[in-house]
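Observations on the three-dimensional arrangement
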Amino acid sequence: MLDHIVRPWIDPPLERAGRVAAAAGISANAVTLGGFVVGLAAIPAIGAGEYLVGLGMILANRLSDGLDGAVARVRGPTDLGGYLDIVCDFILYSGWAFAFALAEPLHAIPAAFLMLSFMGTGASFLT
């Protein structure tokens, strides 16, 4: 939704970082999985009410999600990489919603509805 506003600012540095990472032998899948681990760590942080810590981890994950694409454009995209990227993203999206339900049980119903919508979107991507 905000891509057309943000892309001109974030794409050039991500593309440069992607070239550096690819030249260092780092694969796009390694970036995806590293970002996934960081994103997973946001779940207990948010669940414990450490929202700023969780936000930092989510932002780091989103940065890695942009970086993995930049690396893939240099090294060449793969079907496995595309699949891994979307699966990790949707696991995290649902996990982050779940984290808010953990932090505040009154948010469980909205979090469940959000997870339901993610599953519908995810299923349409993967079919």
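Here the residue numbering is sequential within each chain, running from 1 through the sequence in written order. Under the rules for a predicted model, residues below a pLDDT of 70 receive no local features and side-chain atom pairs below 80 are neither given nor counted, while totals for whole chains, interfaces and linings still include all residues. Each side-chain value is derived from all of the structure's non-hydrogen atoms; neither hydrogens nor water enter the calculation.

**Section: the pattern of salt bridges**
Pairing is possible between side chains that carry opposite charge, provided their charged atoms lie close to one another. Put simply, a salt bridge is a Lys or Arg side-chain nitrogen that is within 4 Å of an Asp or Glu carboxyl oxygen. Scanning all chains against the criterion turns up 4 salt bridges. Taking the shortest distance from any N to any O, the salt bridge between Glu-15 and Arg-73 comes out at 2.5 Å. Placement of the pair is Glu-15 in helix α1 (residues 3-23) and Arg-73 in helix α3 (residues 51-75), with a sequence separation of 58 residues. Look at the salt bridges and you will find they share partners, linking Arg-62, Asp-65 and Asp-89 into a network. Helix and strand assignments follow DSSP, with helices taken as H or I runs no shorter than four residues and strands as E runs no shorter than two, numbered in order from the N terminus.

**Describing the packing of aromatic side chains**
In this description, an aromatic ring pair is defined by two values, namely the gap between the centres and the angle between the planes. Two rings belonging to Phe, Tyr or Trp (six-membered ring only in the last case) form a pair when the distance between their centres is within 6.5 Å. Interplanar angles under 30 degrees mark stacking, angles over 60 mark edge-to-face geometry, and anything in between is tilted. With the rule as written, the count across this model stands at 4 aromatic pairs. For the pair Tyr-51 and Phe-100, a centre-to-centre distance of 5.8 Å together with 5 degrees between the ring planes defines the contact as stacked. In this pair, Tyr-51 sits in helix α3 while Phe-100 sits in helix α4 (residues 79-103), placing the two residues 49 residues apart along the sequence. For the ring pair Phe-90 and Tyr-93, a centre distance of 5.3 Å and an interplane angle of 75 degrees mean the geometry is edge-to-face. One end of the pair, Phe-90, and the other, Tyr-93, are both in helix α4, 3 residues apart, so they sit about a helical turn from each other. For Phe-90, a relative accessible area of 14% translates into the label buried. One aromatic cluster in this structure is built from Phe-90, Tyr-93, Trp-96 and Phe-118. Partly exposed residues are those whose accessible area sits between 20% and 50% of the maximum for their type, while under 20% is buried and over 50% is exposed, using a 1.4 Å probe and protein chains only.

**Description of a nonpolar patch on the surface**
Together, Leu-2, Ile-5, Val-6, Trp-9 and Ile-10 make up a nonpolar patch on the protein surface, roughly 530 Å² of accessible area in all. Within the secondary structure layout, Ile-5 lies in helix α1. Classification of Ile-5 as partly exposed rests on a relative accessible area of 48%. Each patch is built from residues lacking any salt bridge and having more than 30% relative accessible area; the joining distance is 9 Å for like charges and 5 Å for nonpolar side chains (Val, Leu, Ile, Met, Phe, Trp, Tyr). Note on areas: Shrake-Rupley, 1.4 Å probe, and residue coverage restricted to the protein chains presented here.

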